[in-house]
Amino acid sequence: MRVLVVGTGGREAAIGWKLKQDPKVKKIFFARGNASTEEYGENIYEDSIPELVEFATREKVDLTIVGTEAPLVDGIVDEFKAAGLKIFGPNAKAASLEGSKAFSKRFMQDHGIKTAKAQVFEVYQDALDYVKDHKFPLVIKASGLAGGKGVVICETLEEADAVIHDFMIRRIHGDAGIKLVIEEFLQGFEASIICFSNGEELFPCIPVKDYKKVGEGDEGMNTGGMGTVAPSPEFNGMHYADFERNIMLPTLKGLKQENLSFKGFIFFGLMVTAEGSYLLEYNMRLGDPETQVILPLMENSLVDVINDCMEGKPVELKFADKKAVCVVMVSGGYPRNIETGLEIKGTDKVDTLCLLAGARKGGNSYYTTGGRVVNVVGFGETYDDARKQAYDNIKKVSFDYGFYRHDIGLFEQKK
Ligand code: AMP
Ligand code: GLY
C-alpha cells in the first residue's frame with residue numbers, strides 16, 4: 001500500500017511510526033511532515049487540495065489519512081472522493097462539527113447530547129448584554145477554527161467585555177471570531193475519547209488524559225496539549241457507560257438523521273463533572289498529543305482498521321495492557337510568541353519513542369520550527385514506570401528556552 005498522511009505535527013509523526021511497522025505499507029508520503037516523518041517516508045511540499053489530489057493520483061496513493069483539521073473543513077475529502085481517491089475522514093459538511101462551534105452546539109442541543117448550556121451570538125451588543133446578566137466564570141468561544149486559541153475562560157465582566165471586543169470587533173482570530181458561543185463554566189476533569197467511524201457505528205479507543213494548560217498544576221494559558229497519559233487514570237467504566245448513553249449514541253443518531261455519517265475519526269472532548277460527562281467539543285480527526293499515546297498501545301494494524309471502516313465493516317480494537325506517558329517539549333514563550341530556528345540537541349540519546357513535531361532537519365542537526373517541538377513517550381506496566389521512562393529521556397533533549405511540564409502523569413503520587 002502507498003499511504004499519504006496530511007499534516008506536520010507530532011500526531012503525524014506517530015501515524016508515520018505506526019504505519020512504518022506495517023509490512024503491507026510499502027511507501028508513506030507526508031504533506032508536509034517534519035523531521036521525524038522524513039525518517040519514516042518522504043516529505044512532500046504540495047500544499048493546496050488540488051495539488052494534493054494531483055499528487056495522490058500521479059503517485060497512485062491507495063489511502064490518504066488527514067491528521068489536521070483545516071483541510072477537512074476546506075473539503076479535502078470531497079475533492080479526493082470526486083477524483084476517485086480513497087481518503088479517511090469526514091466531508092466538509094461533517095467537518096463543520098469541528099469547524100463551527102455554533103453548528104456543533106446546535107447539533108448537540110437538537111439531538112439531546114449532554115453539553116454545557118450555551119448561546120450563540122452574531123451581534124456584538126447582544127453578546128455584551130448577555131454577559132452582563134450572567135454569573136462568572138463564563139466561557140467565551142470563537143465559533144471558527146482558531147488554532148486552539150479561541151476559547152477564553154472569563155472570571156469577570158471586564159474580562160468578558162474585552163474578549164468579546166477582541167473577537168468580534170478587533171477580530172484577533174479573523175473571521176473565526178465573528179460568531180461567538182458563550183457557555184456556562186463546568187468544573188471537573190477532562191477526557192479525550194477518539195473513535196473510528198465506519199459510517200454505521202463508532203469504535204472508541206482507550207480514553208486519554210490531555211494536559212492542556214501550559215503551566216504545572218494546570219496553571220496558565222490553554223495550549224494544544226503539553227502531554228498525555230493513556231489510558232486515562234480517571235475515566236472509569238462508569239464514566240464510559242454514561243458517555244456512551246448521553247453523548248456517543250445520541251451523536252451517532254444525530255449524524256444519521258442529518259446525513260452527516262462519515263468514515264473517519266471523531267474525537268469527543270469531555271468535561272467529566274459530579275453530574276457526569278458533558279461534551280465540550282468534537283474534533284473530526286485524531287488528537288495531538290493523544291495519538292502519540294494511543295497508536296503505540298494499539299495492537300491492530302492501523303491500515304487494516306481503516307480499510308475495514310472504509311468498507312463499513314465492524315472492527316475490534318485491541319490495546320496493550322500497558323500505560324503510556326507523553327511529555328511535550330515546547331519553545332520558549334509558547335503558546336504566545338515563540339522563536340524558531342534553534343538547534344535541538346540530544347534526541348539521538350533518547351532510548352524510547354521520540355517523535356519530533358515543530359522541527360526540521362538541516363545537515364546533521366535538527367532545528368525548531370514551531371511551538372510544540374519534541375514528544376517523548378515512555379511506556380510501562382504502571383504509570384510511574386511510564387512516567388519515569390518519559391522524563392529520564394526528555395532530560396537528554398535540549399534547545400534554547402525549551403521547556404516542558406514536570407507533572408505529566410503525576411496523579412498517583414497526589415492520591
Ligand atoms: P474547546 O475547544 O471547546 O474544547 O475548549 C478548549 C478548552 O477550554 C477545553 O479543553 C477546556 O479546558 C476549556 N473549556 C471549554 N469549555 C469549557 C467549559 N464549558 N467549562 C470549563 N472549561 C471549558
Ligand atoms: N489535544 C487536543 C486536540 O488535538 O485538539
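These remarks concern the structure in this document. (Residues numbered from 1 in each chain as written. Chains lettered and ligands numbered in written order. Predicted model: local features only at pLDDT ≥ 70, side-chain atom pairs only at ≥ 80, totals over all residues. Heavy atoms only, no water.)

The next thing to look at is the nonpolar core. In this structure, Leu19, Ile65, Phe196 and Leu302 are the most contacted members of the largest nonpolar core, which totals 48 residues. The element that contributes the greatest number of residues to this core is helix α12 (residues 302–310), accounting for six residues. In contact with leucine 302, other than residues within four places in its own chain, are Ile15, Lys18, Leu19, Asp22, Ile65, Phe196 and Leu295. (Core = buried A, V, L, I, M, F, W, Y, C linked by side-chain atoms within 4.5 Å. Buried < 20%, exposed > 50% of the residue type's maximum accessible area, 1.4 Å probe, protein only. Helix = DSSP H or I, 4+ residues; strand = E, 2+ residues; numbered from the N terminus. Contact = heavy atoms within 4.5 Å.)

With that settled, the discussion passes to the sheet that holds strand β9 (residues 180–184). Sheet architecture is open: four strands sit in the order β6-β9-β7-β8, paired in antiparallel fashion. The open sheet has two edge strands, β6 (118–121) and β8 (151–154), and neither has a second partner. Across this sheet, the average inter-strand angle for adjacent strands is 20°, counted without regard to direction. Bridging between strand β7 (residues 138–142) and β9 involves five bridges; their strand directions are antiparallel. Bridge assignment links lysine 141 to a residue of β9, and that residue is valine 181. (Pairing = 2+ DSSP bridges. Axes fitted to C-alpha atoms, helices over the stretch in contact; angles between N-to-C directions.)

Time to look at the site of ligand 2. Around ligand 2, a shell composed of Asp210, Gly224, Phe267, Asn283, Arg285, Gly287, Asp288, Pro289 and Glu290 is seen. Within the contact set of ligand 2, a nitrogen atom lies 3.2 Å away from a backbone nitrogen or oxygen of glycine 224. A distance of 3.4 Å is found between an oxygen atom of ligand 2 and a side-chain nitrogen or oxygen belonging to asparagine 283. Burial of ligand 2 by the protein amounts to 88% of the accessible area it has alone, namely 200 Å². Considered class by class, the residues forming the shell around ligand 2 number two nonpolar, three polar and four charged. (Near = heavy atom within 4 Å. Polar contact = N/O pair within 3.5 Å; in protein donor to acceptor, adjacent residues only side chain to side chain. Areas by Shrake-Rupley, 256 points an atom, 1.4 Å probe, with all protein chains shown as cover. Nonpolar A, V, L, I, M, F, W, Y, C, P; charged D, E, K, R; others polar.)

Turning to the sheet that holds strand β13 (residues 219–230), a few remarks are in order. Ordered in space as β12-β13-β16-β21-β18, the five strands form an open sheet in which the pairing is antiparallel. Of all strands in the sheet, those bounded by a partner on one side alone are β12 (209–215) and β18 (353–356). Adjacent strand axes in the sheet meet at a mean angle of 25°, parallel and antiparallel pairs treated alike. Two strands pair when backbone bridges link them, and β12 and β13 are joined in this way by five bridges, in the antiparallel orientation. In the strand pairing of β13, tyrosine 211 is matched with glycine 227. The sheet contacts of helix α1 (residues 10–20) involve β18 and β21 (372–380), and relative to β18 the element is tilted by about 130°.

For the rest of this paragraph, the subject is the pattern of salt bridges. Pairing of side chains with opposite charge becomes possible as their charged atoms draw close. One pass over the structure, following the stated rule, counts 30 salt bridges. Between lysine 27 and glutamate 42 there is a salt bridge; the shortest N-O distance is 2.8 Å. In this pair, lysine 27 is assigned in strand β2 (residues 27–32) and glutamate 42 in strand β3 (residues 42–44), connecting sequence segments 15 residues apart. Between aspartate 392 and lysine 388 there is a salt bridge, and its shortest N-O distance comes to 2.7 Å. Linking aspartate 392 with lysine 388, this pair stays in helix α13 (residues 383–394), spanning four residues, or about one helical turn. Of the residues examined, aspartate 392 reaches a relative accessible area of 31% and is grouped as partly exposed. The exposed category is assigned to lysine 388, whose relative accessible area is 52%. (Salt bridge = Lys/Arg side-chain N within 4 Å of Asp/Glu carboxyl O.)

A separate point is the site of ligand 1. By nearness alone, 15 residues border ligand 1, and Lys141, Glu183, Glu184, Leu186 and Glu190 come closest of all. Glutamate 183 is positioned such that a nitrogen or oxygen atom in its side chain is 2.8 Å from a nitrogen atom of ligand 1. Side-chain polar atom of asparagine 222 to an oxygen atom of ligand 1: 3.4 Å apart, as the coordinates give it. Relative to its unbound accessible surface of 470 Å², ligand 1 loses 93% to contact with the protein. Residues belonging to the shell around ligand 1 are distributed by class as follows: seven nonpolar, one polar and seven charged.

The next thing to look at is the environment of arginine 372. Examined against the element boundaries, arginine 372 turns out to sit in strand β21. Taking C-alpha positions, arginine 372 is 8.3 Å from glycine 224, a pair spaced 148 residues apart along the chain. If we ignore the near neighbours within four places in the chain, the residues touching arginine 372 are Gly224, Gly225, Asp288, Pro289, Val328, Met329, Val330, Tyr334, Ala357 and Gly358. Here the side chain of arginine 372 touches glycine 225 through a polar contact of 3.2 Å, landing on its backbone oxygen. Side-chain polar atoms of arginine 372 contact the backbone oxygen of aspartate 288, separated by 3.0 Å.

Those residues of helix α6 (residues 92–99) lying buried are Ala94, Ala95, Leu97, Glu98 and Gly99. Its buried side turned inward, α6 meets α4 (69–73), α7 (101–110), α10 (237–257) and β15 (276–283).

Moving on to the pairing of β7. Burial within β7 is extensive, with five of its five residues counted as buried. In β7, alternate side chains face the same way, and those of Leu138, Ile140 and Ala142 on one face and Val139 and Lys141 on the other are all buried. Of the pairings in the sheet, the one linking β7 to β8 comprises four bridges and is antiparallel in character. Each residue of the ladder has a partner; that of lysine 141, found in β8, is valine 151.

Before going further, it helps to spend a moment on the packing of aromatic side chains. With the rule as written, the count across this model stands at 10 aromatic pairs. Here the aromatic rings of phenylalanine 121 and tyrosine 130 are separated by 4.9 Å at their centres, their planes lie at 55°, and the arrangement is tilted. Their ring planes at 45° and their centres at 6.0 Å tell us that tyrosine 391 and tyrosine 404 sit as a pair that is tilted. Residue tyrosine 391 is found in helix α13, and its partner tyrosine 404 is found in the loop between α13 and α14 (411–414); the two are separated by 13 residues along the sequence. By the burial criterion, tyrosine 391 is buried, and tyrosine 404 matches it. A connected cluster of aromatic rings, assembled from ring pairs, spans Phe107, Tyr240, Phe243, Phe268 and Tyr282. The lysine or arginine in question, lysine 114, covers the ring of tyrosine 278, its NZ or CZ lying 4.9 Å from the ring centre. (Phe/Tyr/Trp six-rings, centres within 6.5 Å; stacked < 30°, edge-to-face > 60°. Lys NZ or Arg CZ within 6 Å of the ring centre and 35° of its normal.)

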